[in-house]
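# Per-entry structural report
Listed here are the chains, written in short residue letters.
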Amino acid sequence: MTTTDETQAARPAGRPRSARAEKAIIDATLDLMGEGMSLAELSIEAIAARAGVGKTTIYRRWSNKEDLVVDALAKLKSPLPEMGGRSVHEDLIAYLEVVRRDACDARSRCVLNIAMNDAERHPRLVERIRQATIEPRRAAMSALLQRGVASGELRADLDVPVAMATLVGTMMWYVRSEGLDGAGELPHNIAERIVDQILTGLVSR
């Protein structure tokens, strides 16, 4: 092996270092917000200091604080499973399991609450956050329920927005009343129980 070959072999790949820096920046943003820092108080300087990187490292990836915050909050959400199961029943259970997991995560809940509570001061940013974190979930569930109507699994006259609110709202009620503010952990099969009960009124007859 020549000297040039040896140098190239010894040189570390740039991508892992870049990925580590990006993760540190995202984590720093979420940590600062999770500690109670509002969108107005959050600064690139504070994020850079917490992440242990220079401001230029951040600006190479995001043109401004708003873009960084939107990306960071989008990464808070657990990825949705593939919605192509054997039945709408199975897919709804998988969907509600993701809702339960996200809602029970203290940091995710705190950060999103802080972000959404700044709607009056930062309406454009909060709308971008909504589009990045909430609307994809709503679209996925809407498509799932409409698929059930088309396949005949669900009633032809199903009110999709009300069905969505009923399913997700019931899970959130359990999370808040029993999983967070109540006595302890939610039953392991709570998503299945909710879907089984609510589908009684939604299924095609």
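Residues numbered from 1 in each chain as written. Predicted model: local features only at pLDDT ≥ 70, side-chain atom pairs only at ≥ 80, totals over all residues. Heavy atoms only, no water.

### Describing helix H9 (residues 135–151)
Here is the rule: Secondary structure elements are defined from DSSP: runs of H or I of at least 4 residues count as helices, runs of E of at least 2 residues count as strands, and each element is numbered from the N terminus. Every helix has an expected span of 1.5 Å times one less than the residues it contains. Burial classification: accessible surface area is computed with a 1.4 Å probe over protein chains only, and a residue below 20% of its type maximum counts as buried, one above 50% as exposed, and the rest as partly exposed.
Along its 17 residues, H9 runs 24 Å from first to last C-alpha, staying within 8% of the 24 Å computed at 1.5 Å per residue. Within H9, the full set of buried residues consists of Arg137, Ala140, Met141, Ser142, Leu144, Leu145 and Gly148. With its phi angle positive at about 90°, glycine 152 sits one or two positions after the end of H9.

### Focus: the packing of helix H6 (residues 88–103) against helix H11 (residues 190–199)
Let me state the cut-off plainly: Whenever a helix is involved, its axis is fitted only over the stretch in contact; in every case the axis is a line through C-alpha atoms, and angles between N-to-C directions fall within 0 to 180 degrees. With respect to orientation, any angle under 35 degrees is reported as roughly parallel, any angle over 145 as roughly antiparallel, any angle of 65 to 115 as roughly perpendicular, and every other angle as oblique. In this scheme, a crossing is called left-handed if the near helix is turned counterclockwise away from the far one by less than a right angle; it is called right-handed if the turn is clockwise. Any two residues whose heavy atoms approach within 4.5 Å at even a single point are treated as in contact. The classification used treats Ala, Val, Leu, Ile, Met, Phe, Trp, Tyr, Cys and Pro as nonpolar, Asp, Glu, Lys and Arg as charged, and all other residues, Gly among them, as polar.
Closest axis-to-axis distance for the H6/H11 pair is 8 Å, and the angle between their directions is 130°. In terms of orientation, H6 lies oblique with respect to H11. Taken as a pair, H6 and H11 cross one another with a handedness that is right-handed. Judged by residue contacts, His89, Leu92, Ile93, Leu96, Glu97 and Arg100 of H6 engage Ile190, Ala191, Glu192, Ile194, Val195, Asp196 and Leu199 from H11. Grouping the amino acids of the contact of H6 with H11 by side-chain chemistry returns eight nonpolar, one polar and four charged.

### Here's the deal with the nonpolar core
One recurring pattern in soluble globular proteins: nonpolar side chains tend to sit buried together. Stated formally: Remark: nonpolar core denotes a set of buried residues (Ala, Val, Leu, Ile, Met, Phe, Trp, Tyr, Cys) joined through side-chain atoms within 4.5 Å.
Leu92, Leu96, Leu145, Leu167, Met171 and Ile194 are the most contacted members of the largest nonpolar core, which has 28 residues in total. For this core, the elements supplying multiple residues, two or more each, are H6, H9, helix H10 (160–180) and H11. Excluding residues that lie within four positions of it along the chain, leucine 96 makes contacts with Leu167, Val168, Met171, Ala191, Ile194 and Val195. Within the second largest apolar cluster, 27 residues are counted, among which are Ile26, Ala28, Val53 and Leu112.

### Details of the pattern of salt bridges
Going by this rule: By definition, a salt bridge exists where a carboxyl oxygen of Asp or Glu is found within 4 Å of a side-chain nitrogen of Lys or Arg.
Inspection of every chain in the model, using the stated rule, returns twelve salt bridges. Across the salt bridge formed by aspartate 67 and arginine 128, the nearest N and O atoms sit 2.8 Å from each other. Linking aspartate 67 in helix H5 (residues 65–74) with arginine 128 in helix H8 (residues 123–133), this pair joins segments that are 61 residues apart in sequence. The exposure class assigned to arginine 128 is partly exposed, which follows from its relative accessible area of 29%. One salt bridge connects glutamate 97 with arginine 100, and the closest N-O pair in it is separated by 3.0 Å. Remark: arginine 100 and glutamate 97 occur in helix H6; sequence separation between them is three residues, near one turn of the helix. According to the relative accessible area criterion, arginine 100 is partly exposed, its value standing at 23%. One salt-bridge network, in which partners are shared between bridges, spans Glu66, Asp67, Arg124 and Arg128.

### Focus on the UniProt feature "DNA-binding region" (unreviewed entry) in the protein
As a reminder, the rule being used: UniProt positions are given in the numbering used here, feature names are shortened, and annotations may be inferred rather than shown by experiment.
Under the local residue numbering, the UniProt record ascribes the feature "DNA-binding region" (unreviewed entry) to residues 43–62. Helix makes up 65% of residues 43–62 and strand 0%. Its end C-alpha atoms lie 13 Å apart.

### Quick word on the confidence of the model for the protein
As a reminder, the rule being used: Every residue gets a pLDDT, meaning the predictor's confidence in that residue, from 0 to 100.
On average, the protein scores 84 in pLDDT, and the residues at 70 or more come to 89%. Per-element averaging of pLDDT across the protein places helix H1 (residues 3–10) at the bottom with 44 and helix H3 (residues 44–51) at the top with 96.

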